[in-house]
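Okay, here's what each chain looks like letter by letter:
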Amino acid sequence: MATPTREEIKQVLNQFVDEMLTQDEQLKAAPVRKPADASIRQKIAAKPIPREGRPLTTAVSEMLTDIYAYGDNMRHPRHFGFVPGPSSLVSWLGDVLSSAYNVHAAEWTVSPTAVEIEQKLVRWFCDKVGYGPKASGVFVSGGSMATLTALVAARHKILTPENQHLGTAYISNQTHSSVIKDLHVIGLSDRQIRKIPVDADFRLDVNALKKTIMQDKANGAIPFLVIATAGTTNTGSIDPLKDITAICRNFNMWLHVDGAFGASILLSQRYRHVLDGIAAADSVSWDGHKWLFQTYSSSMVLVKDKADLLNSYYAHPEYLKDLESKHAHFNPADMSIELTRPARALKLWLTLQVLGSDKIGATIDHGVEMTQYAEKVLRNVPQVEITSPAQLAMITFRYAPQNLSEAQQDELNQQISQKMLATGFAGVYTTELNGHKVLRLCIINPNTAETDIKATIQKLTQICQNLVQQHRIAVGQN
């Protein structure tokens, strides 16, 4: 089969763009998720890698119908599970442009304009955090890599190879699971990781933190790192940053703030105060593909002192000597693990240029206010228990009929989620708080309206009533 001509590629691209934009216009009418049944999985598994090529239109058509059509649609206004990725079409366009030019954004010499844009954006976001002139950072693939990049710098600054086995790190029991992976990657074992309990608002308990650190020091350990969270995945809770900062300064420890989701509130004029104190952190992770409406992947790690990243990552072997410069240019490869890296910053730059930061901030406000509206509606639903109030753009709750045991209530809420997902109307998943199954809404999509929220809660309630009625019938039959 001959290589596709430019005209054939142009035709396929034009058709795809038209179809994509049409789908976007009709998004609310489409299901939130389309599960792939056994037949489609078997079809894909049976597909061979051909020795000879096939027509471009055939291969693309199969990709669209057999692959991209399945799974959760994170852009849907009623996808409330996880932290959805309601990406902007402008970001998607930026992704198309960047991938078309295949920019290698590692060194200023190779891609001066792309790297200049990344530096400018990093500085702008550092200003939002409240960092001074020494601050810098770099774009990475996601929150896991952002936190890992920062933790390597923390280990390098405070520990030595000789005493690394004594280093201890502190997280809460609400810290994202990826953080433990990152701690393992930098060389810490489970016995060097302390899970601190949380208070009634699911925030890291600072009294327990201080007590644990003092006990560890008395036992010969070296406390060197606290990871606080600005917007936990379960409840949207923000750890008490000022109090944690005071503890870190007292014990000469590094403070990293996982702001993958919540840091975006700094673009809000109305609600940015909830992150007062974040400027004291040594590093911050911040995902653009969550509440900045970017396509995957777009994340940042920001540090108060650029030298901490350079000291950990700078390495120029002989084959890169030509790229070294006498000028103080920003080279992302000198501040992160990656050498080969795409120009992740450009699509966010385009989004900000087209929409403006005020628009982004107002859209973030919308998510907060829609979540507050959801709480208002839920508080008027009989048998609903609010397990954590609206915080940032998250709220958790459970249906708790008094005639059911706690175990039965857990099973009820699990089934409510499963049946809602099966309808395709809304993406509502469960999580666990205080040992119980609860339902969780994360409402960050700018196209989510009050009508979507109200209709979703009405359907959840109807599903609950049907399940409870079925349970009563089952009991009567027994």
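Residues numbered from 1 in each chain as written. Predicted model: local features only at pLDDT ≥ 70, side-chain atom pairs only at ≥ 80, totals over all residues. Heavy atoms only, no water.

### Some details on the overall build of the protein
A tally of helices and strands in the protein yields 15 helices and 13 strands. For 478 residues, the compact-globule estimate of 2.2 N^0.38 gives 23 Å, and the protein sits close to it at 24 Å. Looking at the 478 residues of the protein, the share that counts as buried comes to 49%. Within the protein, contacts between residues at least 6 apart in sequence are counted, and of these 73% link residues at least 24 apart. As displayed, the protein offers around 22,900 Å² of accessible surface, 52% of which is attributable to carbon and sulfur atoms. Across the protein, the centroid of the 48 positively charged side chains sits 2 Å from that of the 47 negatively charged ones. (Helix = DSSP H or I, 4+ residues; strand = E, 2+ residues; numbered from the N terminus. Rg over C-alpha atoms; globule rule 2.2 N^0.38 Å. Buried < 20%, exposed > 50% of the residue type's maximum accessible area, 1.4 Å probe, protein only. Contact = heavy atoms within 4.5 Å. Areas by Shrake-Rupley, 256 points an atom, 1.4 Å probe, with all protein chains shown as cover. Lys, Arg positive; Asp, Glu negative; His and termini not counted. Charge placed at Lys NZ, Arg CZ, Asp CG, Glu CD.)

### Considerations on the sheet that holds strand β8 (residues 283-287)
The pairing of strands in a sheet happens through backbone hydrogen bonds and is either parallel or antiparallel. An order of β3-β9-β8-β7-β6-β4-β5 is seen for the 7 strands of this open sheet, with the pairing classed as mixed. At either end of the open sheet lies a strand with only one pairing partner, and these are β3 (136-140) and β5 (193-196). Across the sheet, the mean angle from the axis of one strand to that of its neighbour is 20 degrees, orientation sign disregarded. Bridge count for β8 against strand β9 (residues 299-303) is 5 bridges, and the pairing is antiparallel. Bridge pairing in β9 links valine 284 to leucine 302. Most of the contacts of helix α5 (residues 112-129) go to β3, to which it runs at about 115 degrees, and overall it touches β3, β8 and β9. (Pairing = 2+ DSSP bridges. Axes fitted to C-alpha atoms, helices over the stretch in contact; angles between N-to-C directions.)

### With respect to the environment of glycine 143
Tracing the chain through its elements places glycine 143 in helix α6 (residues 143-158). Sequence-wise, glycine 143 and serine 297 are 154 residues apart; in three dimensions their C-alpha atoms are separated by 9.6 Å. With sequence-adjacent residues up to four places away left out, glycine 143 is seen in contact with Asp287 and Ser299.

### Quick notes on the nonpolar core
In terms of nonpolar packing, the biggest core is built from 56 residues, with Trp286 and Trp291 touching the most fellow members. Here this core takes 6 residues from α5, the largest share from any one element. Counting 27 residues, the second largest nonpolar core, distinct from the first, contains Val377, Val381, Met420 and Ile443. (Core = buried A, V, L, I, M, F, W, Y, C linked by side-chain atoms within 4.5 Å.)

### Regarding the sheet that holds strand β13 (residues 436-442)
Taken in spatial order, the 4 strands of this open sheet run β10-β11-β13-β12, and their pairing is antiparallel. Lying at the two open borders of the sheet, with one neighbouring strand each, are β10 (384-391) and β12 (429-433). Taken over all neighbouring pairs, the strand axes of this sheet differ in orientation by 30 degrees on average, direction set aside. In terms of strand pairing, β12 meets β13 through 5 bridges, oriented antiparallel. Bridged to threonine 431 within β13 is valine 438.

### Some thoughts on the pattern of salt bridges
For the structure shown, the criterion picks out 20 salt bridges. A salt bridge links glutamate 62 to arginine 54, with the shortest nitrogen-to-oxygen separation between them at 2.7 Å. Note on glutamate 62: relative accessible area 22%, which makes it partly exposed. Each of Lys28, Arg78 and Asp452 takes part in one network of salt bridges that share partners. (Salt bridge = Lys/Arg side-chain N within 4 Å of Asp/Glu carboxyl O.)

### A few points about the environment of lysine 47
Looking at the element boundaries, lysine 47 is found in the loop between α2 (38-46) and α3 (56-66). Judged by relative accessible area, lysine 47 falls into the partly exposed class, the value being 38%. At 3.4 Å, the side chain of lysine 47 and the side chain of glutamate 62 are in polar contact. (Polar contact = N/O pair within 3.5 Å; in protein donor to acceptor, adjacent residues only side chain to side chain.)

### Some points on the state of the cysteines
Counted under the stated rule, the structure contains 0 disulfides. No disulfide involves cysteine 126; its sulfur sits 19 Å from that of cysteine 248, the nearest cysteine. (Disulfide = S-S within 2.5 Å.)

### Re the pairing of β3
Within β3, 5 of the 5 residues are buried, leaving the element largely enclosed by the surrounding structure. Here β3 shows two buried faces, one formed by Ser136, Val138 and Val140 and the other by Gly137 and Phe139. Note that β3 and β9 share 5 bridges and pair antiparallel. Of the residues in β9, the one forming a bridge with phenylalanine 139 is methionine 300.

### A few points about the packing of aromatic side chains
The way to describe two aromatic rings as a pair is by their centre distance and the angle between their planes. Inspection of every chain in the model, using the stated rule, returns 6 aromatic pairs. Where tryptophan 124 meets phenylalanine 125, the ring centres are 5.0 Å apart and the plane angle is 85 degrees; that geometry is what we call edge-to-face. What makes phenylalanine 125 buried here is its relative accessible area of 0%. Plain terms: the ring middles of phenylalanine 261 and tryptophan 291 are 5.0 Å apart, the flat faces sit at 20 degrees to each other, and that makes the pair stacked. In this pair, phenylalanine 261 sits in the loop between β7 (254-258) and β8 while tryptophan 291 sits in helix α10 (residues 288-291), placing the two residues 30 residues apart along the sequence. Its relative accessible area of 0% is what places tryptophan 291 among the buried residues. In textbook terms, an aromatic cluster arises when at least three aromatic residues are bridged by ring pairs, as seen for Trp124, Phe125 and Trp286. Its guanidinium or amino end placed over the ring of tyrosine 70, lysine 34 lies 4.7 Å from that ring's centre, counting from NZ or CZ. (Phe/Tyr/Trp six-rings, centres within 6.5 Å; stacked < 30°, edge-to-face > 60°. Lys NZ or Arg CZ within 6 Å of the ring centre and 35° of its normal.)

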